[in-house]
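Structural features, examined
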Amino acid sequence: MTDLYERFSRAVDALARLGDYPYGERRQAWLDRLRVNLPELEALDALAPETELGYLAPPPAAPGDKLPAAQAGRGIAVSRHAPGIAAIAREARDAPERAAEPAKAALAAARQQAGLNAFITLSDTPALDGAAAAAARKLREGAAMPLMGVPFAVKDLMQVAGFSQTNGSGGLKPPPALRDALAVARLREAGALVVGTTNLHELAYGITSENPHYGWVGNPRAAGYTAGGSSGGSAAAVAAGIVRLAIGTDTAGSIRIPAACCGVVGFKPTFDAISRDGAQALGASLDHIGPIATSVADAALAYSIMAGQAERTVSVGALRGLRVGVPRNYFYAPLAEDVAHAVDQALARMQADGAVLVPIDLPGVEHSAALQFATLCSEATDIHWRRLVDQPETLGADVRVRLEIGQFFPATWYARAQRGRAVLAHRFEQAMQAVDVLVTPTLRIEPPRSGGGAVEIGGQEVPLHTAVTGLTMPFNLTGMPALTLPCGSGANGLPIGLQIAGARGADWRVLNAAARVEALLAA
């Protein structure tokens, strides 16, 4: 066993006593979990980043509009003939007396597909009728109501008035919330109707949505395969056709991972572009809120409203002249063969449409897992410490031990990780000066089977968390916008995700480029 493991084995008892943590009999469980993440811990132990904390500075100004509107950093007004959720809203505004019908149909579909375990709590017909009537009154009073009657689901990690916020965890359900999280409130103010709150990996601390309290979330694309996490219920609800729009949160990939596994669109905006007010934190410096949707246009329209912007959607045009960064030094190896093939095919279509593929190198990105692990373990344990000490029996086994090991990381490791993030963010900013967007796979593999702990890539066994989060977490560390959309199917017929990322503040550039890629792949 390594020197670092031996150091932990000598230290964990004393550190638990220092924190007055009363469950020392769990020592072996802590060491077993630390062993799983030894590669990340050893990398962090050896890291010596610079001292600058520049990642805390405000993001650079959004890119200018030197590119055509379809590629630049802005959206456009929603046309009268737009499909998707825009069409649902248009029909509801034309016939407000029927505005509740799409949401009631979604509610019926959710009940029919209860076996997916996509939802924790569902609305009911009287509540939907009442919300639709209130929206109709606002419409008569002159409000625009851009999402009139659009049914949507909310990850059960944020406040939704009238619903208990469980965070996907055990113990007694709290009383119904009295207010909405700000992102939810903005959608409701625009006329959208909440169908229910969705299942998730407990406390959002995991990537499978195999929830011990509310059931494992199923993948609508194939039984027995993971829906991904932590926003698995939101992605499953969209993929199953129950709703076209759901809200997720993303700390290491928790919007993009389940969206990729379920074959839908997931968008993590620039850090804090959508307010986290009213959402339960996991890693406060890593958490993002964003939409999961059937199409890029739906995600874009929802994003504009959730971010407090004017109602907007994507501008779709040829990619001519768009500089597409292809960072093959980390993001493209190792990859499952079917993933590599699907992504290369997507890049070829982009190039044929006029995009310029630019090979780039991102030195230091290989340290992302170490930086993420130290940051998230420390922040999550701090946030949930009292629960961990006072009510550990209400936590699932995997989440409990992950929270427990966070107490063993010295403050110097957390500070070192933040300095490492500053370096990483600076290198990404430098790279983005030469390109307009980055394109990578979303996952190194196609969706794995449920219940597994490791996968095989190129004949090598890789821990599941490494295979699933490795390509998404760099954009949480740096706060950059990143979107996944389906780009093909793997050997088992399940979806493969393509990830498009941009500079901080370049959310609309990412959305516009993604909309064009979506159209190219559908052609």
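The structure under discussion appears in the preceding block.
Residues numbered from 1 in each chain as written. Predicted model: local features only at pLDDT ≥ 70, side-chain atom pairs only at ≥ 80, totals over all residues. Heavy atoms only, no water.

On to the pairing of strand β2 (residues 151-155), then. In terms of residue burial, β2 counts as a mostly covered element, since five of its five residues are buried. Burial along β2 is two-sided: the residues Pro151, Ala153 and Lys155 and Phe152 and Val154 are all buried. The sheet contact formed by β2 and strand β3 (residues 193-198) spans five bridges and is parallel. When the bridges of β3 are listed, Val154 appears paired with Thr197. Of the crossover connections in this fold, the one passing from β2 over helix α7 (residues 182-189) to the parallel β3 is right-handed. Relative to strand β6 (residues 245-250), β2 runs parallel, the two being bridged by two bridges. Within β6, the residue paired with Val154 across the bridge is Ile247. (Buried < 20%, exposed > 50% of the residue type's maximum accessible area, 1.4 Å probe, protein only. Helix = DSSP H or I, 4+ residues; strand = E, 2+ residues; numbered from the N terminus. Pairing = 2+ DSSP bridges. Right-handed = clockwise from strand over helix to strand, strands pointing away.)

That bond from Gly229 to Ser230 is cis: its omega, 10 degrees, falls within 30 degrees of zero. By secondary structure assignment, the location of Ser230 is in the loop between β5 (215-216) and α8 (232-239). Residue Ala333 is joined to Pro334 through a cis peptide bond whose omega torsion reads -5 degrees. Mapped onto the elements, Pro334 comes out in the loop between β9 (323-326) and α11 (337-352).

With that settled, consider the packing of helix α2 (residues 27-36) against helix α3 (residues 38-46). Contact geometry for α2 and α3: axes closest at 5 Å, N-to-C directions at 75 degrees. The angle between α2 and α3 falls in the class roughly perpendicular. Residues Leu34, Arg35 and Val36 of α2 form the contact with α3, whose own contacting residues are Leu38, Pro39, Glu40 and Leu41. Residues belonging to the contact of α2 with α3 are distributed by class as follows: five nonpolar, no polar and two charged. (Axes fitted to C-alpha atoms, helices over the stretch in contact; angles between N-to-C directions. Parallel < 35°, antiparallel > 145°, perpendicular 65-115°, else oblique. Contact = heavy atoms within 4.5 Å. Nonpolar A, V, L, I, M, F, W, Y, C, P; charged D, E, K, R; others polar.)

By themselves, these are just geometric observations and shouldn't be taken as functional.
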